[in-house]
Amino acid sequence: AMSADLNSSVDPNNPKGPTEEMLEIEAKIQAGPPEKEWVMEKLKSGIERARKADDPRDQLAGLQAIEFLGKMAPGADELIMETEAVDAIVDSVGSSPKKSTRQLTALSAIANLSCRSAPLRQVMVDKGATEALLSIATANDMKGEEHQKPALIGLVNLSIDPLNKPKMIAKGLVEAMLALSGAEDMKGTDIQIFALNVLLSLSASPPEEKAEVLAKGIVPVAIGLAFMKEGASESRHITALQILVNLSINNPEVQVDIFNRGLASNLVDLAKPPGTTPATCNGEHLAWVLRVLVNLSINPELRPKLAELGLADVLIGLINAPETKGTEHQLIAVDTIASLAKDPVAGGAILKNGLETINKIGSSDDYFASQVQLCALEAIAGLTAQDESVRAALIMGGTLDTILKVASDDRVMATTIQRPCIVSMVNLSLESDGKYTMQEKGAVPLLVKICKAEPCQRTDILLFALKALASMAACQDGAKASMVQHMLDEGVAEQVISVTTNEVYQGSHFQMEALQVIVNLCAGAGKTENAMIEKGTVEALVGVCNSELLQGSAHQMLAVRALTNLSQDPDTRTTIKSKGVPDALVKIQGQKDSEKLSGDLVAAVEEAMGLLSVNQ
């Protein structure tokens, strides 16, 4: 909220100097909180005098008393709302002679009272303050007059309140402020800045009101004012950018409009690191430039286009600039990189020139557990979701070392910092080289540790850890047996069996991923089937097959596939039969008429039963 302490010129026929009564009020308030009764008495006196049409000097004194009490007296808001004080000052805007000190005092009173509580602001709008202020702010014969400033300050403050926004929009506030902010004769003036601040307040409206503001053409005006070709940064640029940030949040149409009107290219130039462009965009201005760009980078359609403008390289340069280390600018730049990393074109630019930077921030103790580190790790996760060549480059570039170092730190267990590391491990394990490199670097015991950790239970970090284990166990080449044996040695089987049999996870995605790990561990793993059986795998699978809750589910399908894999070895069939597998399969078959039972599950059961019926 903005106050309106005005150093106004004095109309000799309508003086605004402090009266004896004003001095008395000031002394009383400074001596300590005045009694409620005393404040009410002075308010009523001020209202009565403000409405004396036959005595301009008394009117002025009354307005001054209301304004001063509203500004200074504790608890005056409620008393003002109980009286007709608001009516008196709003009426005085229109009834006072134009450009008079009385009118200026009434405007100043509205501006100052609008700094107070939300209920008072709502009462002021309901009693016509919007119309009164607009009549002064937009009148051609008031342009350049000191009266315009408090009128606009009042509009700024009143429009802050969410309940006031739709009422003020309905009174034509948006159109009036767009006209003022775009007027050529207002360019670079305080009036333009105040008008933009009203639009800024409205741009932060709830969705329904924001849609109305958008429909009235605010975006082109804000884009035009946000452009900066040359010269020093001005407040209007910053305010226009703030408006665009508010409007472009979760709004692809506005994001595309900003790009198509050429502002994105201008902003990319402004975001270049110190020393590469004239020092016209820094501090707060640079922060808002970056905020617009990060909003644009959220749009998948715009990511490759932003990459073509060179945004990734600009951001990497900005991140590495000594002046930005530890600043908000660096954070927003890394956050934007994380968004761009989800696109193949932009990801390629990051991979080429920024991988070392991202790895460094991701693993450095200087950024430990910070938002900057989180954004860097999310950028890595985005890159790992790209194609095989990108994942190979990441492994060669030391990214796996970064994510393993961070993920294994007990201080980040089950936190948002650990999450993108585990997501990256899932993605890197999709490639054969990734699986074995992860094995060599100790990923399996780390994943087991995460599965055991109490803080990770029932979190998506546990889910991703299970996905990574399932992916690593899914290798198909000659090294399958050694991978499975390594995973068994590290206790993977015990952990996934624990999840499978835990009542908490029955029917969940956690149980499904655990079953997928079991399926993969049992698939053609040489002579490891007996080890799986000894660890209680068959009993866990039979439990899934017998579960009424899981009847006909994908969980049962995975359990049957795992039993089929175990039954491939003739030496294990007798043991499997002795653990109740045939009866469990027959129970599933007995549900053939159930709508839940798919043809694929019926076929899988028949395959498993066929294997078990073969003599050794």
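Report follows, based on the coordinates. None of these values were measured; they are calculated from a predicted model. (Residues numbered from 1 in each chain as written. Predicted model: local features only at pLDDT ≥ 70, side-chain atom pairs only at ≥ 80, totals over all residues. Heavy atoms only, no water.)

### Some points on the packing of helix H32 (residues 492-501) against helix H33 (residues 509-521)
Contact pair H32 / H33: the axes reach a minimum separation of 8 Å and the direction vectors enclose 140°. Classified by the angle their axes make, H32 and H33 are oblique. H32 and H33 meet at a crossing whose hand is left-handed. Note on element contacts: H33 touches H32 through Phe-510, Gln-511, Ala-514, Leu-515, Val-517, Ile-518 and Leu-521, opposite Val-492, Val-496, Ile-497, Val-499 and Thr-500. (Axes fitted to C-alpha atoms, helices over the stretch in contact; angles between N-to-C directions. Helix = DSSP H or I, 4+ residues; strand = E, 2+ residues; numbered from the N terminus. Parallel < 35°, antiparallel > 145°, perpendicular 65-115°, else oblique. Left-handed = near helix turned anticlockwise from the far one by under 90°. Contact = heavy atoms within 4.5 Å.)

### Looking at the packing of aromatic side chains
Across all of its chains, the model carries one aromatic pair by this definition. Ring plane angle 45° and centroid distance 5.1 Å describe the contact between Tyr-505 and Phe-510, whose orientation is recorded as tilted. Residue Tyr-505 is classed as buried on the basis of its relative accessible area, which comes to 2%. Judged by its relative accessible area of 15%, Phe-510 is buried. The residue whose ring lies beneath Arg-291 is Trp-288, and the NZ or CZ to ring-centre distance is 4.2 Å. In this structure, Arg-411 is placed above the aromatic ring of Phe-368, and the distance from its NZ or CZ to the ring centre is 3.8 Å. (Phe/Tyr/Trp six-rings, centres within 6.5 Å; stacked < 30°, edge-to-face > 60°. Buried < 20%, exposed > 50% of the residue type's maximum accessible area, 1.4 Å probe, protein only. Lys NZ or Arg CZ within 6 Å of the ring centre and 35° of its normal.)

### Description of the nonpolar core
Within the largest apolar cluster, 216 residues are counted, with the highest numbers of intra-cluster contacts made by Leu-155, Met-177, Leu-244, Met-425, Met-487, Val-492 and Val-560. Counting residues per element, this core draws most heavily on helix H30 (residues 460-472), at 10 residues. Look past the residues within four positions of Met-425 in its chain and what remains in contact with it is Ile-403, Leu-404, Met-438, Ala-443, Leu-446, Leu-447 and Ala-468. (Core = buried A, V, L, I, M, F, W, Y, C linked by side-chain atoms within 4.5 Å.)

### Description of helix H3 (residues 56-72)
Here H3 spans 24 Å end to end across 17 residues, near enough to the 24 Å set by a 1.5 Å rise per residue. Here H3 lies mainly inside the structure; 13 of its 17 residues are buried. (Expected span 1.5 Å × (residues − 1).)

### Concerning the side chain of Asn-164
Structurally, Asn-164 can be placed in the loop between helix H9 (148-159) and helix H10 (165-170). Of the residues examined, Asn-164 reaches a relative accessible area of 0% and is grouped as buried. Engagement of the side chain of Asn-164 in a polar contact is seen with the backbone oxygen of Arg-121, the distance being 3.3 Å. The contact partners of Asn-164, leaving out residues within four places of it in the chain, are Arg-121, Gln-122, Val-125 and Leu-158. (Polar contact = N/O pair within 3.5 Å; in protein donor to acceptor, adjacent residues only side chain to side chain.)

### Remarks on the environment of Ser-108
Topologically, Ser-108 is positioned in helix H6 (residues 101-113). Taking the C-alpha atoms as reference points, Ser-108 and Ala-151, 43 residues apart in sequence, are found 7.6 Å from one another.

### Some thoughts on the packing of helix H5 (residues 85-95) against H6
Any two packed helices are characterised by the angle at which their axes cross and by the distance between the axes. Put simply, H5 and H6 touch, their axes get as near as 8 Å, and they point 140° apart. Where H5 crosses over H6, the two elements pack in a sense that is left-handed. Between H5 and H6, the residues in contact are Ile-89, Val-90, Ser-92 and Val-93 and Gln-103, Ala-106, Leu-107, Ala-109, Ile-110 and Leu-113, respectively. When the residues that make up the contact of H5 with H6 are grouped by side-chain class, the tally is eight nonpolar, two polar and no charged. (Nonpolar A, V, L, I, M, F, W, Y, C, P; charged D, E, K, R; others polar.)

### Details of the pattern of salt bridges
Under the defined criterion, the tally for this structure stands at 28 salt bridges. Across the pair Glu-131 and Lys-171 runs a salt bridge, and its minimum N-O distance is 3.2 Å. Placement of the pair is Glu-131 in helix H8 (residues 129-137) and Lys-171 in the loop between H10 and helix H11 (173-182), with a sequence separation of 40 residues. A relative accessible area of 35% means that Glu-131 is categorised as partly exposed. The salt bridge partner of Asp-410 is Lys-449, with a shortest N-O separation of 2.6 Å. Placement of Asp-410 in the loop between helix H26 (399-407) and helix H27 (418-428) and of Lys-449 in helix H29 (residues 443-452) is noted, with a sequence separation of 39 residues between them. Among the residues examined, Asp-410 registers a relative accessible area of 52% and is labelled exposed. Exposure remark for Lys-449: the relative accessible area of 33% places this residue in the partly exposed category. Several salt bridges share partner residues, and in doing so they unite Arg-51, Glu-84 and Asp-91 into one network. (Salt bridge = Lys/Arg side-chain N within 4 Å of Asp/Glu carboxyl O.)

These figures capture arrangement, not role.
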